[in-house]
Structures are given as C-alpha cells and as structure tokens.
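If you want the building blocks of each chain, they are given just below.
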Amino acid sequence: MDRDDLDLFEASLRQATERHTGADLDASLAEVGWHDALATDVRAGIATLFTLQGRANATSTALDHVVLDALGISTEHLRPVWPPLGTIARRPATVYGGRVRVDGLASRGVTETPRVAMCVVVASDGAKDVATAVPVADLALRPVGGIDPSLGIVEVTGDAVATDGWPVDWGDAVRRCRLALGHELVGASRAMLDLAREHALARVQFDVPIASFQAVRHRLAETLVAIESAEAVLDAAWQDGSADTAAMAKALAGRGARTAARHCQQVLAGIGFTLEHPFHRYFRRVLVLDELFGSARLLTTALGDDLLRTRRMPPVLPL
C-alpha cells in the first residue's frame, strides 16, 4: 500500500476497533476489506489491525486468519487450533497409528453459530509438518475463563481418525502470529501508558499534579522506552523476516507490556485496582497475550539456549 491508502486503511480499522468487538468486529473487518489486505500486504494487514485492536482492548478472530493465510488455506469454514499455553508454540496435534491426538487452543470462532464443522490441526510427520482437518464433533471444547475470559479462548482436546494431511509451513505461521501478538501487546501497552499519563496530569497532591514528581516521571519514561524498543524490534523483524527475529520481537513486546502494566499500575495507584477504571482490562489482556505462541520468559530462554548451542550470534537487526 502507498501512504495514502495505508492512512485510509488505518482510519477504517481504527473506527472498527473502537466501535466494535467480538463477532461485530469480525463483520466490520470483512466489510472494510481487511481479509483482502492480509492477502495482498501481510505486514500492513497484521501490524495495523493488531496494534489498533490492542489499543482498543477489542477481540476478533483475526489471528485465525493469520494462521490460515500462512498455511495457504483460504476457506472460511475451517478454524485453526493454536498451541497450548506454557509452550514455545509446539504443534497442537500428534499423529499416531492412523489417529490424531489434539491438545491446543482456539478462538471463540470455533463455537459460534453457524458452528464450524472442521478444525485444522498441524502435526509433525518426520521431517515435515502436515495439516489435517478434524471434525469439531470429535473434539472436546471448553471455554477458558481465567484472568481474561472476555478474550474468548477455547481449550480444544480430543482424539480422532487422522485424514490425509498436506504439507504446510508451521514455522511461518508461528512467525506471523508472534508478530501479530507483538503488535497487539504494543497497542495495549500504549493504551496503559495513556491512561497513566492522563491520570498523572489530572491527579493533584501537595497542590501540584503528580506528573511533576520525579518518581512518576521515571516510571512513565521507562514505560515509553520499553514500548519504543519493542516497536523498533517488531519493525526490524518484518524487514529481517527470520523466525529468530520474530521471537525476539514477541519476547520484547511481552516484557515491555509487563513493564508497562507494572509501572502504570503504580502511577494509577488505588484507582487502577477498581473495576470502574479500564486499566484492569488491559492488564488482564497482556498477561494472556504474552503467553500465546511463547511467553517472553520462554522465548528468551530458548533464544539463549540456541545461542549457547550454536555459538553463533544472530545478524545485526536493521534498527
């Protein structure tokens, strides 16, 4: 997209994410042509939507379409299964003896009406990755509540007959999802920073705004540095195109979001703990987003282990 098209595209998505969430946002994304943008300009489609979605604390099934597009699947009647939490994005299925065992997560789209008939799961078949379609009726679906039930994640488990699979690039799907989630984490982090900054300017103690206090200013400055650093590495990851750089970007975005949540909570003080204030929704969201497709802690450990094993430094990023 050229600059004018990108500005118009961003304005349309901003309006959609600020006005809608859930199924209504999915319908709005289809109306503004986000799916076409994803097919023609992957970076613009992912970076623009997920950053705005993070800022608005909105939900959609867009991550499903990121996975399906990377796997080369265009049908609307399939939903992918994501890796389970607490892993580095391992494949959500295992093939054995003509059957497939599924253990992963999915978006709320897998339970919506009209109900999706098939799920796509990816498993390792020796030296290659293969995708196979599994009937949803053969799977157990359990809505995940936890710290952020509004995100609409569903646990997917089960055992089914393995159908003929087809080769896919699971690594590319993971890379794109990490970048998408990295942008969403950055968007949520900026929203938390905005809330804390506005509070610091309005809250008065000792006859002056608390924004004039050095401790408050330091926390907000450290938050901004964490966000800008994560955004710079995300930009470099799009240019570099490697899986390692995408993992670095997701790790920095997750760590930056936790830094933003911690510092902004301190600045907001008691009001930040209340349900009436919107801060808690962002705090809850970033804790879950950080864990999807590899948390900052797990990704950093894996990157460090790989560095020690190969004794090879990654290429210098185009920052």
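Sequence order sets the numbering: in each chain, residues are counted from 1 along the sequence as written. Since the coordinates come from a predicted model, pLDDT governs what is reported: local features require at least 70, and pairs of side-chain atoms require 80 or more to be given and counted, while whole-chain, interface and lining totals use all residues. For the side-chain quantities, the full set of heavy atoms in the structure was used; hydrogens and water were omitted.

A look at the nonpolar core
- Grouped together as the largest cluster of nonpolar side chains are 76 residues, with contacts concentrated most on W34, F50, L63, L71, M192, L292 and F293.
- Of all the elements, helix α6 (residues 170–202) adds the most residues to this core, at 16 residues.
- Here, two residues are considered to be in contact whenever any of their heavy atoms come within 4.5 Å of each other. With residues up to four places along the chain from it excluded, the contact list for F50 reads W34, A62, L63, V66, A180, H183 and E184.
- For the purposes of this section, nonpolar cores are sets of buried Ala, Val, Leu, Ile, Met, Phe, Trp, Tyr and Cys residues that join through side-chain atoms within 4.5 Å. Three labels apply to residues, based on accessible area from a 1.4 Å probe with only protein chains included: buried if under 20% of the type maximum, exposed if over 50%, partly exposed otherwise in between. Ranked by size, the runner-up nonpolar core spans 15 residues in total, among them A93, A123, V134 and V136. Each helix is a run of H or I in the DSSP string that is no shorter than four residues. Each strand is a run of E no shorter than two, and both are numbered from the N terminus.

Some words on empty space enclosed by the protein
- Grid spacing is 1 Å over the protein atoms alone, the probe is 1.4 Å, and a cavity is where that probe fits but cannot get out, while a pocket is an open set with protein on both sides within 12 Å along at least five of seven lines and lining residues have an atom within 4 Å of a point. Grid points are joined across faces, edges and corners, and a volume is the space filled by probe spheres set on the points. For the structure on display, the rule yields 1 cavity of 30 Å³ or more.
- Here the largest cavity defines a volume of roughly 160 Å³.
- Along the wall of the largest cavity there are 18 residues; nearest its centre are Q53, S60, L63, W82 and L151.
- Basically, the charged four are Asp, Glu, Lys and Arg, the nonpolar ten are Ala, Val, Leu, Ile, Met, Phe, Trp, Tyr, Cys and Pro, and anything else, Gly included, counts as polar. Its residues assigned to classes, the lining of the largest cavity comprises 10 nonpolar, 5 polar and 3 charged.

Re helix α8 (residues 243–268)
- The end-to-end C-alpha distance of α8, which contains 26 residues, comes to 37 Å, matching closely the 38 Å that a straight helix rising 1.5 Å per residue would cover.
- A positive backbone phi angle near 55° is found at A269, which sits one or two residues after α8. Expected span, for any helix, means 1.5 Å times one less than how many residues it has.

With respect to the environment of G254
- Position of G254 among the secondary structure elements: in helix α8.
- A C-alpha to C-alpha distance of 29 Å links G254 and A30, two positions 224 residues apart in sequence.
- When near neighbours in sequence (up to four residues on either side) are disregarded, G254 contacts L185, D290 and A296.

Considerations on the packing of helix α4 (residues 42–56) against helix α5 (residues 62–70)
- Axis angles are defined between N-to-C directions and span 0 to 180 degrees, where every axis is a line fitted to C-alpha atoms and, for a helix, only to the segment in contact. Contact geometry of α4 with α5 gives a least axis separation of 11 Å together with a crossing angle of 160°. Taken together, the axes of α4 and α5 are roughly antiparallel relative to one another. In the packing of α4 onto α5, the handedness of the crossing is left-handed. Contacts between α4 and α5 involve V42, I46, L49 and F50 from the former and A62, L63, V66 and D69 from the latter.
- Residues belonging to the contact of α4 with α5 are distributed by class as follows: 7 nonpolar, no polar and 1 charged. If an angle is under 35 degrees, it is roughly parallel; if it is over 145, roughly antiparallel; if it lies from 65 to 115, roughly perpendicular; otherwise it is oblique. By definition, turning the near helix anticlockwise from the far helix through less than a right angle yields a left-handed crossing, and turning it clockwise yields a right-handed one.

Remarks on the sheet that holds strand β2 (residues 93–96)
- By definition, two strands form a pair when at least two bridges between them are found by DSSP. In spatial order, the strands read β2-β3-β7-β6; together these 4 strands make up an open sheet with antiparallel pairing. Only two strands of the sheet have a single partner each, and these edge strands are β2 and β6 (139–143). Each strand axis lies, on average, 5° off the axis of its neighbour in the sheet, ignoring direction.
- The sheet contact formed by β2 and strand β3 (residues 99–106) spans 4 bridges and is antiparallel. Bridging across to β3, V95 finds its partner in V100.

Structural notes on the layout of surface pockets
- Quantified by volume, the largest pocket comes out at close to 410 Å³.
- Lining the largest pocket are 17 residues, with A47, T48, T51, H183 and E231 sitting closest to its centre.
- Broken down by secondary-structure element, the contributors of at least two residues to the lining of the largest pocket are α1 (3–19), α4, α6 and α7 (214–240).
- Take the lining of the largest pocket: its biggest share by element is 7 residues, from α4.
- Counted by class, the lining of the largest pocket contains 6 nonpolar, 3 polar and 8 charged residues.

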